[in-house]
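# Structure assessment
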Amino acid sequence: MEAKPTRRNHGESVDAGKSAESPDVGAGKLADYPWIYALYELGQTAATGVDPLKVQQDILLHIVSGLDAESGSIAMIVDGTDDVLEIVAGTDLRPGILGSRPPRGTGVFGHVIATGQPLLINGAAAHTGLPVRLHDRPDRARHSAMCWPLRVHERTIGALAVNRAPGLPRYTVADLDRGQVLAGLLALVMANHMMHVERETRLVELSTLNAAMQRMNAALEDAQDQVIQTEKLASIGQMAAGVAHEINNPVAFVLSNLGSLESYVAQMLDVTDACIAADDSSAGVVAQTAARAHALELRNRIDLGFLRTDIAALIAESHDGLARVRAIVQDLKSFARGSSDEVWELADLHAALDSTLNIVRNEIKYKAEIETHYGALPEVEVLPSRLNQVFLNLLVNAAQSIPRKGHITITTGVKDDEAWVRIEDDGSGISKENQARIFEPFFTTKPVGEGTGLGLSVSNSIVRKHGGRIEVDSEVGRGSRFTICIPLHHTHDKLREALAALN
Amino acid sequence: MTTLLILDDEPHVLSALRRMLMNQTAMPAVPDPHVVTFTSPHDAIEFVRSHPVDIVISDYRMPEMDGATFLAMVRKVAPDAARLMLSAFTDLDGIVRAINDAGIFRFVAKPWTDTDLRASIIQVLQHRHLMLENRRLADHVRAQNSVISRQQLELERLEAETPGITRVHWSDDGGVMLE
């Protein structure tokens, strides 16, 4: 017998067998409030994170019992873009069907999802003429089944099917229509459930992503620290000549002075020994006279007055030399302090400038005269060794920009909750097109091997870390003026980062 | 008397060097030292212009002028003064100029060792003394040569006038053979 698909209302009814309208027993419980409430409750449990498969199965069983069906199944589109169907729940299914993914567009589910219309099948599906293969089990050859698409907001998210055994009355179109309401409800519950599952997955994904980002962030910060440290070492390297000179000079004269002192002391001890011998009355008159003559001769040979004044000068100069070595070593130490032990501390910017000047002065004094005009500055909360690095960079750049002999002026002051330090030179200046690039990493106009191209880039990032900025004003042939502005009150990293992001 | 001129922008280095050189008890000692020190290269060059100096010792890194430039000027003004460079730091370019332009005799690194520096100075002084002596002798030889060549000229004139007159042939028994 030919199956004749007939369309009615929004649904589709396929009557493959005898068109025996059965009494309305199908959706008896649908109007039953507790039943709907139970379904709602099941939907709620879906959102609480219990095993999703179990919840789906429970919902299905609830529906199957509600529709007086013998069996049923739910298929969901698991991947919105690919329209992949997955059987997520079912009763009386052969093993392997649950969780399987039927080929796209096949079967009753495929048909219903493709058309978006509910389907009523009475009789063997194979005879319906539909492009479907309902069941190949002979005992299911004749049965009554209903299938609804599950739609939310005009979007099909899956399908629900229920089957009734041959012994029971067949479903009717009225059942199909009433079931439509149920399908809508189920669609909401399933969508809710899927959203919940999706949210859980997203959350896991997000936290994984977050952890990965935190790791990357840490790695990035490490890398940045490395760059800053490397740049610092490079700029100390550039200072090496001055520092070596400044350390070797005092060491040289102190060493030499010690040599001279040794010989002075030897001479004086000789005289002392001779005097003691001359005083020794037990030695006999002749010997004592000889000893006296010897002592007198020695005494006359040395210039005691000279030794007296020269030894005092020698010791004072050596003291001064060693104090200078100690100072430069301390400055170097405070300057070269590692990035790991850096802490925000209240610091006197003038002291920081002076200690940096101590290191660079020896390098710079051959190129420029340094003038300082310090204003009144309160203590500012900074990372002192980092800020020293900025000062050093700007001072070295200023000196290097001076072709023969020039001036470097350092001025400080306070304006609008900001401390500023201005380092000004009368060197060669920076062209307009280069000014736009000076803070780029690796940008340098110095010959290969002389500059890393990181100095200003690192300086800029250090000043930004302080919540400040570097202003540049330069003209070719006239010189450059770099102004570092730092907030008097250090805001917390997070807040500043947030503000920086907004800017 | 040995006049030693020392130039360094660091006064303490100058006084330490003066002490070391003036000290006659430490060996080897510079004979009869007369030490003049300067912190300014311009003052130093003025001194070299107007006084005889045996050896000039200069630092390399100085604010007004580097040591290589200064010693090159000394070389022009007083070529016979020995030149020695004493420095804590020099780049390659500085050393090249010190050797090629200033013709330094020695380069001593700071910090120096007193004994080594004194030995270097004495060696440079001896070398200079030998050079001066060598030149004096060479001049002497040249002067003598010029005397000889006058006699040679006379001989040649005589020979031209009377050929064979400058050559004497001896016989086996010691007699003079005339041709």
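Please refer to the structure higher up on the page.
About the criteria used
- Residues numbered from 1 in each chain as written.
- Chains lettered and ligands numbered in written order.
- Predicted model: local features only at pLDDT ≥ 70, side-chain atom pairs only at ≥ 80, totals over all residues.
- Heavy atoms only, no water.
- Helix = DSSP H or I, 4+ residues; strand = E, 2+ residues; numbered from the N terminus.
- Buried < 20%, exposed > 50% of the residue type's maximum accessible area, 1.4 Å probe, protein only.
- Areas by Shrake-Rupley, 256 points an atom, 1.4 Å probe, with all protein chains shown as cover.
- Salt bridge = Lys/Arg side-chain N within 4 Å of Asp/Glu carboxyl O.
- Axes fitted to C-alpha atoms, helices over the stretch in contact; angles between N-to-C directions.
- Parallel < 35°, antiparallel > 145°, perpendicular 65-115°, else oblique.
- Left-handed = near helix turned anticlockwise from the far one by under 90°.
- Contact = heavy atoms within 4.5 Å.
- Nonpolar A, V, L, I, M, F, W, Y, C, P; charged D, E, K, R; others polar.
- Pairing = 2+ DSSP bridges.
- Phe/Tyr/Trp six-rings, centres within 6.5 Å; stacked < 30°, edge-to-face > 60°.
- Polar contact = N/O pair within 3.5 Å; in protein donor to acceptor, adjacent residues only side chain to side chain.
- Expected span 1.5 Å × (residues − 1).
- Patch = residues over 30% accessible without salt bridge, like charges linked within 9 Å, V, L, I, M, F, W, Y side chains within 5 Å.

We now examine the overall build of chain B. Counting its regular elements, chain B contains five helices and seven strands. Going residue by residue from the N terminus, the α and β elements of chain B occur as β-α-β-α-β-α-β-α-β-α-β-β. For chain B, buried positions account for 42% of its 179 residues. When the accessible surface of chain B is totalled, it reaches about 9900 Å², and 57% of it is carbon and sulfur.

With that out of the way, let us pick up the pattern of salt bridges. Inspection of the entire model under this criterion finds 23 salt bridges over all chains. Between arginine 478 of chain A and aspartate 473 of chain A there is a salt bridge, with the nearest N and O atoms lying 3.9 Å from each other. The partly exposed category is assigned to aspartate 473 of chain A, whose relative accessible area is 35%. A salt bridge links arginine 49 of chain B to glutamate 46 of chain B, with the nearest nitrogen and oxygen atoms 3.4 Å apart. Residue arginine 49 of chain B and its partner glutamate 46 of chain B are located together in helix α2 (residues 41-50), separated by three residues, close to a single helical turn. For arginine 49 of chain B, a relative accessible area of 51% puts it in the exposed group. Here the salt bridges share partners, and the residues they tie into one network are Glu424, Asp473, Glu475, Arg478 and Arg481 of chain A.

Residues and elements named next belong to chain A. In the contact formed by helix α7 (residues 349-364) and helix α8 (residues 384-401), the axes pass within 9 Å of each other and the chain directions differ by 40°. By the angle class used here, α7 and α8 are oblique. When the axes of α7 and α8 are compared, the crossing they make is right-handed. Between α7 and α8, the residues in contact are Leu349, Ala352, Leu353, Ser355, Thr356, Leu357, Val360 and Ile364 and Leu387, Asn388, Phe391, Leu392, Leu395, Val396 and Ala399, respectively. The residue makeup of the contact of α7 with α8, split by class, is twelve nonpolar, three polar and no charged.

All names here are of chain A. Spatially, β9-β11-β12-β14-β13 is the arrangement adopted by the five strands of the open sheet, whose pairing is mixed. For this open sheet the edge positions go to β9 (368-373) and β13 (469-475), each flanked by a neighbour on one side alone. On average, each strand axis in the sheet is inclined to that of its neighbour by 15°, with strand direction left out of account. Sheet topology places β13 next to strand β14 (residues 479-487); seven bridges connect them, and they run antiparallel. Paired with isoleucine 470 across the strands is isoleucine 484, a residue of β14. On top of the sheet, helix α10 (residues 455-465) reaches β13 and β14; it is set at about 140° to β13, its chief contact.

Turning our eyes to something else, we now look at the packing of aromatic side chains. Residues and elements named next belong to chain A. In the structure shown here, the tally under the stated rule is two aromatic pairs over all chains. Taken together, a centroid distance of 6.1 Å and an interplanar angle of 80° make the contact between tyrosine 264 and phenylalanine 306 edge-to-face. Of this pair, tyrosine 264 sits in helix α4 (residues 173-279) while phenylalanine 306 sits in helix α6 (residues 304-336); the two residues are 42 residues apart in sequence, bridging distant segments of the chain. Look at tyrosine 264 and you get buried, because its relative accessible area is 3%.

We now examine unusual backbone geometry. Across the chain, the bulk of peptide bonds are trans and the bulk of non-glycine residues have phi less than zero. Here lysine 110 of chain B and proline 111 of chain B are connected by a cis peptide whose omega angle stands at -5°. As for its placement among the helices and strands, proline 111 of chain B is situated in the loop between β5 (106-109) and α5 (114-161). In this structure, glutamate 154 of chain A is a non-glycine residue whose phi angle is positive, near 65°. In this structure, glutamate 154 of chain A sits in the loop between β6 (144-152) and β7 (155-164). Overall, the relative accessible area of 72% leaves glutamate 154 of chain A in the exposed class. Even without a glycine there, the phi angle at aspartate 416 of chain A is positive, about 45°. Turning to its location among the elements, aspartate 416 of chain A is positioned in the loop between β11 (406-415) and β12 (418-425).

A word on the interface of chain A and chain B. Think of interface size as the accessible area that goes away when the parts come together; that is how it is often given. Counting from both sides, the interface comprises 28 residues of chain A and, opposite them, 20 residues of chain B. On the surface where chain A and chain B come into contact, there are three salt bridges. The residue glutamate 317 of chain A makes a salt bridge to arginine 19 of chain B at a minimum N-O spacing of 3.3 Å. Where chain A meets chain B, there are twelve residue pairs in polar contact (both at pLDDT 80 or more).

Helical periodicity: at 3.6 residues per turn, an α-helix aligns residues three or four positions apart in one direction. Its 18 residues place the ends of α8 of chain A 26 Å apart at the C-alpha level, agreeing with the 26 Å of an ideal helix rising 1.5 Å per residue. With 16 of 18 residues buried, α8 of chain A is to be regarded as a mostly interior element.

Moving on: a nonpolar patch on the surface. All names here are of chain A. A contiguous nonpolar surface patch, about 380 Å² in accessible area, is contributed by Tyr33, Tyr37 and Tyr40. Examined against the element boundaries, tyrosine 37 turns out to sit in helix α1 (residues 33-46). The exposure class assigned to tyrosine 37 is partly exposed, which follows from its relative accessible area of 39%.

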